[in-house]
Amino acid sequence: MNRLFTIVAVIMLTLLWILPAHGQSSGTLSGTVLNDARQPVSQVTVSIPGSEPVYTGADGTFTIQRVDEKEWLFVTPLNKYSPKKVLIQDQEQITIYLSSEDIESPHSSVLTPLDNAIKRDMLSTFKVLDPTVFENQPYTSAEQYIQGNVSGAFVTQTSGMPGTGATVYIRGYSSLLSNNQPLYIVDGVPIENNNIYDGLIEGGNYSPISTIDPLDISEITVLKDAASTALYGAKGANGIVIIKTLEPKETKTTIDFLYRTGLSLAPDQLPQLDANAYKTLANELLFSSGIAEETYKLQYASLFLDPDDDDYITYNHNTNWQDEIFKNAIINNVRFSIKGGDAIAKYGLSVGYLKNNGIYKNTYYDRINIRLVGAFDIFPWLKMDVATNLTTSNSYMEESGLSAVTNPLFASLWKSPMLNPYEYDENDSLLQIIDEVDELGTSNPTAIVNLSEVRSQNYRFIPSINLTGDITENLKFTSRFGLNSNNSKEYIFIPDRGFDLLYDGEVFNETKAQNNTLFTLYNDNRIFYTKTFNSVHSIFGALGFRWQKNQFDQDYGLARNTASDYYTNLNRGENLLNVIGGNNRAWNWGSLYSNLSYSYADKYLLSATISSDISSRIGKNAANTIRIGEIPVGIFYSVAGGWRISNEEFFPKIDGIEEIKFRASYGITGNDDVGELNSFSHYRVSQYRDASVLIPGSLANDELTFQTKKQLNIGLDLSALANRFNVTANYFINKSENVVIFELQNSYLGYDTYPNNTAAFTTKGIEAEAFVRIVSASDFSLDVGVNISSYKTIIDEITQGEQVYDVPGEMQIINRVGAPINSYYGYRFLGVYASSQQAADANMSSFGGLPYRAGDAIYENRNTDNVIDDNDKDLLGSFEPDFFGGFFLNARYKNIYLNVFVQGVYGNEIYSYLRRQNESMTGLRNQSVKTLQRWQYENQQTTIPQATWGDPMGNATFSDRWIEDGSYLRLKNLSLSYNIKQSILGLSSLKIYVSASNLFTLSKYLGYDPEFSYSQYLLQQGVDYANMPLSRQFMMGLKIGL
Amino acid sequence: MKNKFVYILLVLILITSCEDFLNPEQDLVLPESQVPADEVELRSISLGLYSLQQNLVEQIVMLGELRADLLLVTESADPDLVEINSFQISASNRYASPSNFYKLIAASNKVIRIIEIMHPEVLEEDSPVTNFHRMYGEAVAMRSWAYFYAVRIFDEIPYIPETLNTIDEINEYVNSPGSYTDSVYINFAPNGIDTDTIFDSTFVFTEKKFLNQDQMTRQCIKDIQEKIRFVGVDYSNRDQINDVTWNTTVWNEDALNALLVQMYVHIDNYNDALDILVPEFLRRTVENVNDNYVKYAIDDRFEGSKWSSIFTSIDNLEHIFTLQFQKTSSSWQLNNLQHYFSIIPPNIYSIKPSPKSVRLWESQWKNYSINTVNPENAFTIEPGTPGDFSRGYGRSYIYVDNGEVLSDNVVREMLNLKLLGFWDEVNDIMQGVDTVVHKYTIGKNAFDKDANFIVYRAPSMHLYAAEIIANRQYMDGGSFRHDISAAEDYIYTGDYIGSNDGRMGTAGRAGFPLRLGKAVDREYYYIFDPNNNEIIGSESIITTLEKQLYMEDIIMDERARELAYEGERFYDFVRIARRREKAGNNGVEWLADRISESRPANERAAIKAHLMDQNNWYLPFILK
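Quick caveat, the model's predicted, so the values are computed rather than measured.

Colleague: Please clarify how the overall build of chain A should be interpreted in this entry.
Modeller: The secondary structure content of chain A amounts to 10 helices and 52 strands. Computed over the C-alpha atoms, the radius of gyration of chain A is 32 Å, within 12% of the 31 Å expected from 2.2 N^0.38 for a compact globule of 1042 residues. With the C-alpha coordinates aligned to their principal axes, the bounding extent of chain A is approximately 110 × 70 × 60 Å. Buried residues in chain A amount to 61% of all 1042 residues. Intrachain contacts of chain A at a sequence separation of at least 6 include 70% that bridge at least 24 residues. When the accessible area of chain A is evaluated, it comes to approximately 38,800 Å², of which 56% is carbon and sulfur surface. Chain A carries 80 positive and 114 negative side-chain charges, and their two centres are separated by 9 Å.

Colleague: Would you explain the interface of chain B and chain A in this entry?
Modeller: How big an interface is tends to be stated in terms of the accessible area lost upon association of its parts. With 74 residues of chain B at the interface, the matching set in chain A holds 67 residues. A buried area of about 5,900 Å², summed over both sides, lies between chain B and chain A, and 64% of it is on carbon and sulfur atoms. Where chain B packs against chain A, one counts 3 salt bridges. One salt bridge connects D752 of chain A with K103 of chain B, and the closest N-O pair in it is separated by 2.4 Å. The interface formed by chain B and chain A includes 22 residue pairs in polar contact (both at pLDDT 80 or more). Among the elements that take part in the side of chain B that touches chain A, helix α2 (residues 39–54) of chain B stands out by supplying 9 residues, more than any other.

Colleague: Teacher, can you tell me more about the confidence of the model for chain A here?
Modeller: As a note on interpretation, predicted positions should not be read in detail where pLDDT is low. On average, residues of chain A score 92 in pLDDT, and 97% of them are at 70 or above. Across residues 8–25 of chain A, confidence stays below pLDDT 50; counting only partners more than four residues off in sequence or on other chains, it has 31 contacts.

Colleague: It is not clear to me how helix α8 (residues 213–227) of chain B should be interpreted in this structure. Could you clarify?
Modeller: Think of an α-helix as turning once every 3.6 residues; residues three or four places apart then point the same way. Residues and elements named next belong to chain B. A rise of 1.5 Å per residue sets the reference length of α8, with its 15 residues, at 21 Å; its end C-alpha atoms lie 21 Å apart and thus fit the reference within 8%. Most of α8 sits inside the fold, with 11 of its 15 residues counted as buried. Of the residues that open α8, the one with a side-chain oxygen 3.2 Å from the backbone nitrogen of D214 is N212.

Colleague: What should I look at first to understand the nonpolar core in this one?
Modeller: A general trend in soluble globular proteins is that nonpolar side chains are found buried together. With 181 residues, the main nonpolar core has W145, W251 and Y456 of chain B as its most contacted residues. Looking at this core element by element, the count peaks at 16 residues for helix α6 (residues 131–154) of chain B. Y360, W414, V449 and Y1008 of chain A belong to the second largest nonpolar core, which has 66 residues in total.

Colleague: Looking at this model, I keep getting lost on the sheet that holds strand β1 (residues 29–31) of chain B. Mind explaining?
Modeller: Sheets are built from strands paired through backbone hydrogen bonds, the pairs being either parallel or antiparallel. Pairing in this open sheet of 3 strands is antiparallel, and the strands run β34(A)-β33(A)-β1(B) from one edge to the other. Taken across any chain shown, the strands that pair with only one partner, and hence form the sheet edges, are β34 (691–696) of chain A together with β1 of chain B. Within this sheet the neighbouring strands show an average axis-to-axis angle of 40 degrees, counted without direction. The strands touched by α2 of chain B are β33 (682–688) and β34 of chain A together with β1 of chain B; relative to β34 of chain A, the strand with the most contacts, the crossing angle is about 80 degrees.

Colleague: Looking at this structure, how should I read the packing of helix α20 (residues 569–582) of chain B against helix α21 (residues 587–597) of chain B?
Modeller: Any two packed helices are characterised by how steeply their axes cross, that is the angle between the axes, and by the distance between the axes. All names here are of chain B. Their axes nearest at 7 Å, the elements α20 and α21 cross at an angle of 150 degrees. With respect to α21, the axis of α20 lies roughly antiparallel. Residues R569, F570, F573, V574, I576, A577, R580 and E581 of α20 pack against G587, V588, W590, L591, R594 and I595 of α21.

Colleague: Any chance you could explain the packing of aromatic side chains here in plain terms?
Modeller: We describe a pair of aromatic rings using the distance from one ring centre to the other and the angle between the two ring planes. One pass over the structure, following the stated rule, counts 55 aromatic pairs over all chains. Ring geometry for F732 of chain A and Y791 of chain A: centres 6.1 Å apart, planes at 65 degrees, overall edge-to-face. Placement of the pair is F732 of chain A in strand β36 (residues 725–744) and Y791 of chain A in strand β38 (residues 780–797), with a sequence separation of 59 residues. Neither F732 of chain A nor Y791 of chain A differs from the other in exposure class; each is buried. On the basis of an interplanar angle of 85 degrees and a centroid distance of 6.3 Å, the ring pair of Y50 of chain B and F321 of chain B is categorised as edge-to-face. With Y50 of chain B in helix α2 and F321 of chain B in strand β7 (residues 319–323), the pair connects residues that are 271 residues apart, well separated along the chain. You can call F321 of chain B buried: its relative accessible area is 0%. The aromatic ring of Y593 of chain A is capped on one face by R546 of chain A, whose charged end is 4.0 Å from the ring centroid. Across the ring face of Y683 of chain A, the terminal group of K110 of chain B is positioned such that the distance to the ring centre comes to 5.9 Å.

Colleague: Sorry, what's going on with the packing of helix α16 (residues 458–471) of chain B against α20 of chain B here?
Modeller: Residues and elements named next belong to chain B. Relative orientation of the contacting elements α16 and α20 amounts to 10 degrees, with a least axis distance of 14 Å. Classified by the angle between their axes, α16 and α20 sit roughly parallel to one another. In contact with Y464, E467 and N471 of α16, α20 contributes R575, I576 and R579. Residue composition of the contact of α16 with α20, grouped by class: 2 nonpolar, 1 polar and 3 charged.

Colleague: What am I meant to see in the sheet that holds strand β3 (residues 54–55) of chain A here?
Modeller: Spatial ordering of the open sheet is given by β3-β2-β5-β6 (chain A), a layout of 4 strands whose pairing is antiparallel. Lying at the two open borders of the sheet, with one neighbouring strand each, are β3 and β6 (84–88) of chain A.

Colleague: Would you explain the side chain of N908 of chain A in this entry?
Modeller: Residue and element names in this part refer to chain A. If you trace the backbone, N908 turns up in the loop between β46 (896–906) and β47 (909–911). Within the local environment of N908, its side chain forms a polar contact with the backbone nitrogen of S967, the two atoms lying 3.3 Å apart. Contacts of N908, omitting those with residues within four sequence positions, involve S878, F879, E880, P881, D882, E964, D965, G966 and S967.

Colleague: Would you mind showing me how to read the pairing of strand β12 (residues 166–170) of chain A here?
Modeller: Looking along a regular strand, one sees the side chains alternate between the two faces of the sheet. All names here are of chain A. For β12, a buried count of 5 out of 5 residues is recorded, marking the element as mostly surrounded by other parts of the structure. Of the two faces of β12, both are covered, the one formed by A166, V168 and I170 as well as the one formed by T167 and Y169. Strand direction decides the pairing type here: strand β11 (residues 153–157) and β12, joined by 5 bridges, are antiparallel. In the strand pairing of β12, F154 is matched with Y169.

Colleague: What am I meant to see in the pairing of strand β40 (residues 811–816) of chain A here?
Modeller: Residues and elements named next belong to chain A. When you tally the buried positions in β40, you get 5 out of 6 residues, the bulk of the element. The sheet contact formed by strand β39 (residues 802–807) and β40 spans 6 bridges and is antiparallel. Bridge pairing in β40 places D806 opposite Q812. From the end of β39 to the start of β40, which pair antiparallel, there are 3 residues, and G809 there has a positive phi angle of about 105 degrees. Pairing of β40 with strand β41 (residues 823–826), which is carried by 2 bridges, proceeds in the antiparallel orientation. In the sheet register, I814 faces β41, and the bridge partner there is S823. Counted between consecutive antiparallel strands, the loop separating β40 from β41 contains 6 residues, among which G818 sits at a positive phi close to 90 degrees.

Colleague: Looking at this structure, how should I read the environment of S82 of chain A?
Modeller: Residue and element names in this part refer to chain A. Positionally, S82 belongs in the loop between β5 (71–76) and β6. In sequence terms S82 and S100 are 18 residues apart; their C-alpha atoms lie 6.1 Å from each other. Among all residues touching S82, those that are not within four sequence positions of it are P77, L98, S99, S100, E101 and S105.

Colleague: Mind showing me how you'd approach helix α3 (residues 57–65) of chain B here?
Modeller: Burial within α3 of chain B is extensive, with 9 of its 9 residues counted as buried. Among the residues making up α3 of chain B, those that are buried are V57, E58, Q59, I60, V61, M62, L63, G64 and E65 of chain B.

Colleague: Can you walk me through a negative patch on the surface in this structure?
Modeller: Together, D306, D308, D309, D310, D311, D428 and E439 of chain A give the surface a local cluster of negative charge. Structurally, D309 of chain A can be placed in the loop between α5 (293–299) and α6 (321–325).

Colleague: In this structure, what is going on with unusual backbone geometry? I would like to understand it.
Modeller: In terms of backbone geometry, most residues other than glycine have negative phi values and most peptide bonds are trans. Cis peptide bonds are those with omega within 30 degrees of zero, and the linkage from P345 of chain B to P346 of chain B qualifies with 10 degrees. One can find P346 of chain B in the loop between α11 (337–341) and β8 (351–353). At D504 of chain A, a position not held by glycine, the phi torsion is positive, near 60 degrees. Looking at the element boundaries, D504 of chain A is found in the loop between β25 (475–494) and β26 (510–533). Accessibility expressed as a relative area gives 53% for D504 of chain A, which makes it exposed. Positioned with a positive phi, Y349 of chain B is a non-glycine residue whose angle comes to about 45 degrees.

Reading the values: the criteria
Residues numbered from 1 in each chain as written. Chains lettered and ligands numbered in written order. Predicted model: local features only at pLDDT ≥ 70, side-chain atom pairs only at ≥ 80, totals over all residues. Heavy atoms only, no water. Helix = DSSP H or I, 4+ residues; strand = E, 2+ residues; numbered from the N terminus. Rg over C-alpha atoms; globule rule 2.2 N^0.38 Å. Buried < 20%, exposed > 50% of the residue type's maximum accessible area, 1.4 Å probe, protein only. Contact = heavy atoms within 4.5 Å. Areas by Shrake-Rupley, 256 points an atom, 1.4 Å probe, with all protein chains shown as cover. Lys, Arg positive; Asp, Glu negative; His and termini not counted. Charge placed at Lys NZ, Arg CZ, Asp CG, Glu CD. Buried area = accessible area lost by both parts, 1.4 Å probe. Salt bridge = Lys/Arg side-chain N within 4 Å of Asp/Glu carboxyl O. Polar contact = N/O pair within 3.5 Å; in protein donor to acceptor, adjacent residues only side chain to side chain. pLDDT = per-residue confidence, 0-100. Expected span 1.5 Å × (residues − 1). Core = buried A, V, L, I, M, F, W, Y, C linked by side-chain atoms within 4.5 Å. Pairing = 2+ DSSP bridges. Axes fitted to C-alpha atoms, helices over the stretch in contact; angles between N-to-C directions. Parallel < 35°, antiparallel > 145°, perpendicular 65-115°, else oblique. Phe/Tyr/Trp six-rings, centres within 6.5 Å; stacked < 30°, edge-to-face > 60°. Lys NZ or Arg CZ within 6 Å of the ring centre and 35° of its normal. Nonpolar A, V, L, I, M, F, W, Y, C, P; charged D, E, K, R; others polar. Patch = residues over 30% accessible without salt bridge, like charges linked within 9 Å, V, L, I, M, F, W, Y side chains within 5 Å.

Listed below in structure tokens is the structure:
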């Protein structure tokens, strides 16, 4: 480390001293200012510090007196174009192209961890997103917008359940088992991921920033490589998303009002067996069960009713249960904001209300959001910014995933179509009383969506204060205090009526409640120094330290068997079955950080960052740290360099080339999420008789240390034709090391596992983004943009060469050295034994020791021992796509705007737990129509095995039969808007729009939708646990400025 | 400028007040570094051992019973249970790992270390006795129990007497060179005199600290003798709740003695076992002969259906040490014993009694006509009450037809028909009928899953006494004598205590009479029809060895009846087979025959062949 800094310092000092000094110049500079259509622009102010400013004439030309040999020329157009700053050296003539205001200007500032920087001088790989898009597209959480818009960021919408956000992986991962989500920084306050502890609601998933109203966002920047993220040291390994809200920039009072409404459509349904086909399947299954015919005919009498039986009418239906749970849903969103103030004090206030109904009946998400920000000049030398966000949200949802009793999707697929949602009376009159569950099992889907209560309430309060002061002309300080208080309450009531029994039949109704509180205090203080020498030497230095204290508390209670479904309170359960519990975690983090940046002559850019971090999560003897006193300190750093070759004198003068810049950065960032209890020996609570007792916790590792990510990035930025053509391309290698896994211990040592930093993997990838303004006319413009990314993550090291994980959904994941990360691990399905002879000839037996028969699955016998067991398992693919990206087309004609946005992934594999459940044919659940192709007679050629009660041969076991290609291409958004930015009808602005989201999707996937993310756990990516599918949405909106 | 510094100073003050920043308090755990010497905290840690012991119960029962002759798996059994029943146990079997034993051992080691450091007085011979001494004793006892029970399963296991608290300590242990040297090997002789103490410096094991059954048993006995002065804190008045059952659910002096007896018998050290048995469990009953509530007497307090109360509650008179499970709103301590045995949903009826197991109860009848001159002419003159009916039908097992429990009368009728040889009628009644273990279901709601696990209770000790008496020689008038006949008293009559005292022996109190006089006093024994209990022949037993072996069989049958499904059966076989093998009496084949005979005909040959290799009696899943 010392050597590295010595080298950087020497280079910088050398550059300062050896580069030629500048002599006085008394010449003039003539030039022409053109717009992006090569038309001259008049009335543009052109100035050089120390010289009289001049204005361009009608032909766009100017002549200005020079002061120095090398100096900056400031070009400030009146409107429609972005200002620009150009270093002039020895030229006497110059042509300056102005880019339109509605094109991203490389000369504007970008929000970074060190507040703001000039985009074109960034050495980091980043993406600035346009927050006005939030008005047109129904994103309820800001990170959803990253999908398809940021190269290198693999984003998956969690589900169609409103308010649940998205899972975001920026250029891979830094851990196998802990947090891989980027660090979100809202108004300077890092937001800890409150999804780190399991919620009560199956499939419930909460984005860390779901409580931030996207409409409040003024700026949003995604930072992808170590050049920027190293500044956040142990928190930076997963990339950073910086958000600034409601920034009150101007003193002019602006009042905006937005209303939008829309419709979410129920999805296309999966084709299921009708009642007759179901009965045939059920008969086959019962016949295969070995249960005596008279016994099963007695036990499942409803399958064998005659028209004159009393219950015949109850079972004489052909119900499409999916109709019972889905509906088209309304979205409503209203927002009011006001900004204003004067030179001393500026303010911004917004109030928003969103109600987003889900496509399951009786589900919705609503959010009330109040945000107040202010900027005050307390003294001439001291400014204060404050931001306060208060959000309350309610989510009425349904459970998803493995909860077979309460997942409406599974229930609607499995429920026998013979039945009806409602009861009949003794006169065979249909009542409006939801029917109970009969002997065929499966909860009544109508009961799930009408009678159960699954809700989550969230309260979040994020205030922050930032003081900025001038110590001297070049030396400033900032000090930020922030607080993040998040309280979420989850409540579930599963009634008796219409639901399968729970807990093996012991429980007929259940109330569950959980209260989670995350409280974070944050403070960040820094001083920074800026100085430009001789026009060409620019130095920026920052030194700061920050700390963050986090406290998480969780309490829960379960009450079961209340007196009736009317008693839904926790205190109404049967005493013996009550359960109460809780959890608690505290973790702290602090860092001392510094950045030093230098640029020379607008050609050479250098930057070095270091962050020395402490964390309560790592061990007291943490490996790979330095020790200060007794405290282990992790060192994270980056060095970055840029070469704007287009500014070199030897570079050919090509008209229209704005910039060609090469960038390279290398650095190490960290992930301190190694658990709060893994680094010290402790006792935990258990129970013996009625005594609360203490038993040893897991084996501690006091050398447990930060998970690290070494990142190398090589990039190229190319810009031409007044930025009408932009290309950015990057190649990166991210090597994640010290990744925590839990190593199995010898059984006789008294511990199951040992947490250790003994895994490593490498993500290599390329990403490219391009933007072209094809047409640029005053009334018409046409832009297209595309980004594409490809990366693969390969395991480099892991204890014993491979680790296999059992993952919910009766599946396994393997991480094996040399193989893709989190590969599915199971059997290879080769077909079905068509005949007894074929089965006999194969002479294979199952893992249970039974010989395969005709109609059973054929699995690949990889080790040729004729027994299908663990030794025959193979890698079956991974959730990681081969490539992914997005494409947009924006067209404007006068005030009419058309936006088309397409997004897709290619080459990822999906494990469809849903389809497995829907085609396994092992019990009396209804199944997919695909099961009509099941093996039923000797010599039948098919790929669907026979129906067998309980599946003794493992025909439906985890295999590549359930792995599907997850590629898709989706028209994510199509919007048409009429946007007038000047006064009209007494309004200062007016915008009317219509938009459609998820309009169509090209995919071979056999489930509802190929996009889902059950949780943020890496191990569960790519598994279709039957979440609420994404829906097509249609919106219309009106925004007026007063 | 002054103002600026005031503000900067203010900021600095705000940011420097971060106490314990790197060690925030985690409310739900107690850092080991903060374990106080306080007795209350130490009690919590000490009681934590029982919580860990609870995790072993299923493993002990499944491995101890499913590998023996009293249980068979049903079609509902999961693969792990099938594997155990067929002796094809894979490494992934949930009962195959010694991990839970070693978690208990490691936790015991921690308690031992903490007390040794914080209260070194426990190591002083004459220090006044405190609860720290007792907790220390509990931890040593628990560790010894865990080692002993584990070594019976795995045959050769590491002995780790110290806390391996960190990965460094573990690595140091694992990687340290050397091997365990046992320089003194004791081969106990039945007479207690010819015990062979061998000083053998060549007795070296290739793997450091891996002890076999004999070595581990002796090491544990040594630990107990050297380290334990007292055992068992009096928890009966814990938290001002007067609950005397507490002391029977933790290690107490009697439980420690029971463990010692068990270990002594395992290594055939009869004299030391008797030294404990007589004053602790047997003589105690003699001295309190008129006291109806004396502990551990095998008398009419638990006769007939009263016997079942020991499975529904903690009893201070019969139970020596019972690990209590309880499903209450405050403590969900559950196990799956009821779940696997019971036929009532949601239980899954994975395991059922073997026909042999049921026959052992049903084949004992009250009265026989005995022809001592010509035993073949003996016959049954009055069918009596089969054993389980004396205890109340449905206590040990029940018959179930299509989910319905067969009534007492139907079963009696069936047995009578069987006795009369009306097999068609018997088969009609028994068509589709299953047998179900009921021991862990007595008094339980179908969902309870909190059956207690009896570690030690009195009959086990009495039957150990019988086993010792049957095998032990003693010096009388200058020559060695046996008292095999007295062993039978422990089972049937209680005569070893004294005549006419109301005590009935383990079988006697359950309604089983002495079988046609003491078998070992005669020179033959009867052979009964296993189906209808008719005497169908006899076989001579003349030599002392024959009588000893026959007596062992009787004891094994009685252990099968009395202690059925309680987790000891396979180890009973192993203990006796080892003893027989050591004495040249074909113990291996005896074990292989007895166990394989209980299995379905198509499995017998394979099971026998498997068990003829002594290595297959033990699980190989401990890494060396």
